[in-house]
Structures are given as structure tokens and as C-alpha cells.
Amino acid sequence: MADDKISENIEEYLEVLYRNGSNGEQVSTTMLSKDLEIAPGSVTQMLKKLETLGYIVYTPYKGATLTHDGMKIAQKITRKHRILEKFLTDVLKIKHENVHEQACEMEHTLSDEAERALCNLLNNPDLCPDNHIIPACNFDFKNCQECGSQHDFDHVVYRSFNLLSISELTSNSEGVISFIRGSPELLDDISDLNIKIGSHLSYEFNENRLSNYFLVTIDDKELNIPLEMANNIFIRI
């Protein structure tokens, strides 16, 4: 089950902060109030509480950014939500207009073990039905094949750091490639480009880049990474 030390209300706030500021962007109180449909004064009180808990950095009259711990929780609940949306849509054939609300109701009680099983069932999806990135899992695997080979969930270890995919990066980002998601075929295609775990990656936005490609530098070599790959190559942040 989702961490019982964290209330659903806190998870909802962190999820909205992640949706609007996954790359460290400051999210305004006004935006949170509108998104959550909660009065600005109540939002301000919650932000002060979240800062006390160490989940955000709050600047009065400006907004909040997620800390490392806040990001970890936010990514986890966002991942569960989007995997559930994928399951409800692709497997249960729930109407699109009903999917978001039902996923919201289910995400807070979905166990990590069940989340992993759903991910395997859905063949390690990278996008939810609305084409938003599904964050990487927080299990300490280098790729999905490694995850699939561990059949006993009791032996699964959690990673201590957070990840972002190439397609989520803002300009002037860099880090070490630490997880690659996808089918064996996609992993082979990525490997053919000599992209591997432990490689150093840097990204600077280029307005002249090819559409649906990301121009990155990996171990001093420039590469144009197609969107499908960019959604599934994650760097440590």
C-alpha cells in the first residue's frame, strides 16, 4: 500500500507540484489553488506544513518547489496514477472521461507489488492515455529485463535517488544514465547507439533540433535521440 505515514491529501499536493514542476520549477500558490480547487489561504497553510515536513521549499507570494524527498513521493504517486489510467483504458476498456477520477481513487491504496505487476502486464508503458510520461519505478533495477527476472518481490530493493527521462529535461541538464525502460527490442536499439548505464549525458535545448528528437551529448558524442527512446532513458538527478 502507499506509505501509510503520508496522507492522501499530502500526496495530492505533491502530485500536482510534480505535474507542474517536475524539473525544479517553482509552482505558484495560484496555480495550485486552481488545480486542486482549494482556496488560496488553505493552500498556503498546506505549503507551510509540507515545508516543515521537508517535502518542498516554499517562498511566500511566489510558490513552492519539490525537494528530493518530495520528488520521490510525487513521482511514485504520479506513476501509480498513470499506470492505473493505462490499465483502466487498455485492459478494462473504461471510458476515457471516467479514467482520471477512478485512477485518483485507486492510486493511494495500490501496493508497490501490485504496481510492479501492472507494469509488467502492460509491457512497461512509457505514456499514459493522455500521452504524459509515466515516471520510472523506484525499484533498483537497471532495465525492465532485470526487473522481470526478479520474481520474488520480497527481494526487490528500492533505489535511493530520483530519475528523469531525457524528454522531461530542461535546457542545461546533465546526469548519469541510470535506468533504461522498454522492451528487449527497444533496449537493443538503444544499445546499438552505444547508450548504456553509467554514461554521462548532457542536454541543452536547441530550437533548430529535428522535430520529435532530442540532441544530447553522451560521453562526448552528440546524438539525436528519437522521442520514443527519450521517454525511456533516465538520468539520475
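Structural data are supplied above this passage.
What counts, and at which threshold
- Residues numbered from 1 in each chain as written.
- Predicted model: local features only at pLDDT ≥ 70, side-chain atom pairs only at ≥ 80, totals over all residues.
- Heavy atoms only, no water.
- Helix = DSSP H or I, 4+ residues; strand = E, 2+ residues; numbered from the N terminus.
- Rg over C-alpha atoms; globule rule 2.2 N^0.38 Å.
- Buried < 20%, exposed > 50% of the residue type's maximum accessible area, 1.4 Å probe, protein only.
- Phe/Tyr/Trp six-rings, centres within 6.5 Å; stacked < 30°, edge-to-face > 60°.
- Core = buried A, V, L, I, M, F, W, Y, C linked by side-chain atoms within 4.5 Å.
- Axes fitted to C-alpha atoms, helices over the stretch in contact; angles between N-to-C directions.
- Parallel < 35°, antiparallel > 145°, perpendicular 65-115°, else oblique.
- Left-handed = near helix turned anticlockwise from the far one by under 90°.
- Contact = heavy atoms within 4.5 Å.
- Nonpolar A, V, L, I, M, F, W, Y, C, P; charged D, E, K, R; others polar.
- Salt bridge = Lys/Arg side-chain N within 4 Å of Asp/Glu carboxyl O.
- Pairing = 2+ DSSP bridges.

Caption draft 1: View of the overall build of the protein. The secondary structure content of the protein amounts to nine helices and eight strands. The C-alpha radius of gyration of the protein comes to 18 Å, within 12% of the 18 Å expected for a compact globule of 237 residues. Along the longest, intermediate and shortest principal axes, the C-alpha atoms of the protein span 55 × 40 × 35 Å. Residues classed as buried in the protein amount to 46% of the 237 residues present.

Caption draft 2: Region of interest: the packing of aromatic side chains. For the coordinates displayed, the defined rule picks out four aromatic pairs. Judged by centre distance (6.0 Å) and plane angle (55°), the rings of tyrosine 203 and phenylalanine 214 are tilted. Taken together, the positions of tyrosine 203 in strand S5 (residues 200-203) and phenylalanine 214 in strand S6 (residues 213-218) put the pair 11 residues apart, joining distant regions of the chain. In this structure tyrosine 203 comes out as buried when scored by relative accessible area, which is 5%.

Caption draft 3: Structural context of the nonpolar core. Ranked by size, the top nonpolar core spans 42 residues in total, and within it Leu14, Leu17, Leu50, Ile56, Leu201, Val216 and Ile225 carry the most contacts. If one sorts the elements of this core by residue count, helix H1 (residues 8-21) sits on top with six residues. Membership of the second largest hydrophobic core comes to 11 residues, among which are Ile83, Val99, Leu118 and Cys119.

Caption draft 4: Just the packing of helix H4 (residues 68-90) against helix H6 (residues 112-121), in detail. One way to put it is that H4 packs onto H6 with a least axis distance of 10 Å and a crossing angle of 45°. In terms of axis orientation, H4 runs oblique to H6. The chirality of how H4 crosses H6 is left-handed. Of the residues in H6, those touching H4 at Lys76, Arg79, Lys80, Ile83, Leu84 and Phe87 are Asp112, Glu115, Leu118, Cys119 and Leu121. Along the lines of polarity and charge, the residues of the contact of H4 with H6 split into six nonpolar, no polar and five charged.

Caption draft 5: Representation of the pattern of salt bridges. Within this structure, the stated rule accounts for five salt bridges. A salt bridge links aspartate 112 to lysine 76, with the shortest nitrogen-to-oxygen separation between them at 3.0 Å. With aspartate 112 in helix H6 and lysine 76 in helix H4, this pair connects stretches of sequence that are 36 residues apart. Residue classification places aspartate 112 among the buried positions, given a relative accessible area of 8%. For lysine 76, a relative accessible area of 22% corresponds to the partly exposed category. Linking lysine 80 and aspartate 112 is a salt bridge whose minimum nitrogen-to-oxygen distance equals 2.8 Å.

Caption draft 6: Up close: unusual backbone geometry. Phi angles above zero are rare outside glycine, and lysine 93 is one such case at about 60°. Its identity is not glycine, yet aspartate 219 carries a phi of approximately 50°, on the positive side. Along the polypeptide, aspartate 219 turns up in the loop between S6 and strand S7 (221-226).

Caption draft 7: Local environment of the pairing of S7. The pairing of S6 with S7 spans six bridges and is classified as antiparallel. Bridge pairing in S7 links phenylalanine 214 to isoleucine 225.

Interpretation note: all reported values are geometric properties and have no functional meaning in isolation.
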